[in-house]
Amino acid sequence: MSDDLGPDDSLVTDAESAFMTLSHDLRLKILLALWNAPEFSLSFSELRKAVGERDSGSFNYHLSQLEGHFVASTEDGYELQYPGHRVLDAIQSGVFHDEAVIGPVGLDETCRECGSELTFEYDTNYIGRVHCPECDNRVLEWPFDPGGTVDRDPAAVVATFDRRTRLIWSCVLDGVCPFCAGRVDREFANHIGQQGTCVGVIEQLDRYDEYFARDHPVVVFVDCSRCSFYSFIPVGMVLLTRPKILGVLQDAGLNVRDTPLWGLEFVVAADAITLRTHDPVQVSVAVPEIDRPVSVVLDESFSVTVEAVD
Ligand SMILES: [Zn+2]
Ligand SMILES: [Zn+2]
């Protein structure tokens, strides 16, 4: 999320130039042909044949527009470059041109509120949702790309949604944007009034009203300094990024890898989270689902200590 209100003129110019370079179907065909080729490389004649362009002048012109950035000329012909791969990766994610509908898929986990079976659903608004169809308890929601539904049965889509959401949350909590590689700032935050104390800036951000974990006493606000990404992540996710904590949970018999995020109470249950003090911020996360329950305490720098619970 940028602090600037207006668009950055040089960014607009650079981005327009890049998008214009890709604005002809023949150029996308050239990228696709190289992507499908062995070692992403073809000779001039192979590439022209693969694209099926009879007009050599037109083919030469459009190839020259891609050369140097998206495509490199080599001794043997032409080779797809990293930026070319990234264009195709973005297309394959499906978000530009595709939609998918999955579910509702019944899950093994049950609703903490009413005991009913939870379900997973994905539809054309690009959000994967785990919720309870009986009491409408929203357990976990996060964006998902339509590409994740291709060549997978519904159970595999659900598992993929869990894995990908973990990956994104872990990356973001480590300060790295998974979308643009920019710097992500993180801080504890909550709604003013919820605990009588606001520890962050959330009240200015409308998106929080729709956040599935807005009932948590405190969440992690994450904000990319470079791209449009900003969001909120349940505090309990921090535990899954610390080998020290994973070791404690593993020793206590809780397999956090085989249990999906929505089955981990310390991630999705509001009452697992306590804002102990707000200045400085100290948050504790209860892990009640092991025989000898522990509490993990996080300070403002997100360092963690484990406390035994009597
Ligand atoms: Zn329910
Ligand atoms: Zn970013």
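Small disclaimer: the values here were computed from a predicted structure and weren't measured. For every chain, the first residue of its written sequence is number 1, and the numbers climb from 1 along that sequence. Going through the entries in the order they are written, you letter the chains from A and number the ligands from 1. Given that the model is predicted, a residue must reach a pLDDT of at least 70 before its local features are reported, and side-chain atom pairs must reach 80 or more before they are shown or counted; all residues, however, enter totals for whole chains, interfaces and linings. Note: side-chain values were computed over all heavy atoms of the structure, leaving out hydrogens and water.

1. Description of the packing of helix α2 (residues 25–36) against helix α4 (residues 56–66)
Packing of α2 against α4 leaves a shortest axis separation of 9 Å and a crossing angle of 70°. Between α2 and α4, the angle is such that the two are roughly perpendicular. Both α2 and α4 take part in a crossing whose hand is right-handed. Taking contact as the criterion, the partners of L26, R27, I30 and L31 in α2 are, on α4, S58, F59, Y61, H62, L63, Q65 and L66. In this classification, the charged set is Asp, Glu, Lys and Arg, the nonpolar set is Ala, Val, Leu, Ile, Met, Phe, Trp, Tyr, Cys and Pro, and all remaining amino acids, among them Gly, are polar. A per-class count over the contact of α2 with α4 returns seven nonpolar, three polar and one charged. Where helices are involved, their axes are fitted lines through C-alpha atoms of the stretch in contact, as for all axes, and angles between N-to-C directions lie from 0 to 180°. Secondary structure elements are defined from DSSP: runs of H or I of at least 4 residues count as helices, runs of E of at least 2 residues count as strands, and each element is numbered from the N terminus. Geometric relationships in this document are graded by angle, where less than 35 degrees denotes roughly parallel, more than 145 denotes roughly antiparallel, 65 to 115 denotes roughly perpendicular, and other angles denote oblique. Handedness of a crossing is defined here by the sense of rotation of the near helix relative to the far one, left-handed for an anticlockwise turn of less than a right angle and right-handed for a clockwise turn. Contacts were defined at the residue level, with two residues in contact if any of their heavy atoms lie within 4.5 Å.

2. Section: the coordination of the zinc ion (ligand 2)
Here the term donor refers to an N, O or S atom within 2.8 Å of the metal (or 3.2 Å for Na, K and Ca), and because water is left out of the atoms, sites may appear incomplete. All of the protein donors around the zinc ion (ligand 2) are C177 (SG), C180 (SG), C224 (SG) and C227 (SG); their distances to the metal are 2.2 to 2.4 Å. In this scheme the shape depends on donor count and angles: four donors with every angle between 85 and 135 degrees give tetrahedral, four or six donors with opposite pairs above 155 degrees and others between 65 and 115 give square planar or octahedral in turn, and any other case is irregular. Given four donor atoms and angles of 98 to 114° at the metal, the environment of the zinc ion (ligand 2) is assigned as tetrahedral. Binding-site remark: the zinc ion (ligand 2) is held by donors from one chain whose sequence spacing is C-x2-C-x43-C-x2-C. With C177 in the loop between α6 (154–173) and β8 (184–189) and C227 in the loop between β9 (219–224) and β10 (230–234), this pair connects stretches of sequence that are 50 residues apart. Note on accessibility: C177 and C227 belong to one class, buried. Using a 1.4 Å probe on the protein chains alone, a residue whose accessible area is under 20% of its type maximum counts as buried, one over 50% counts as exposed, and one in between counts as partly exposed.

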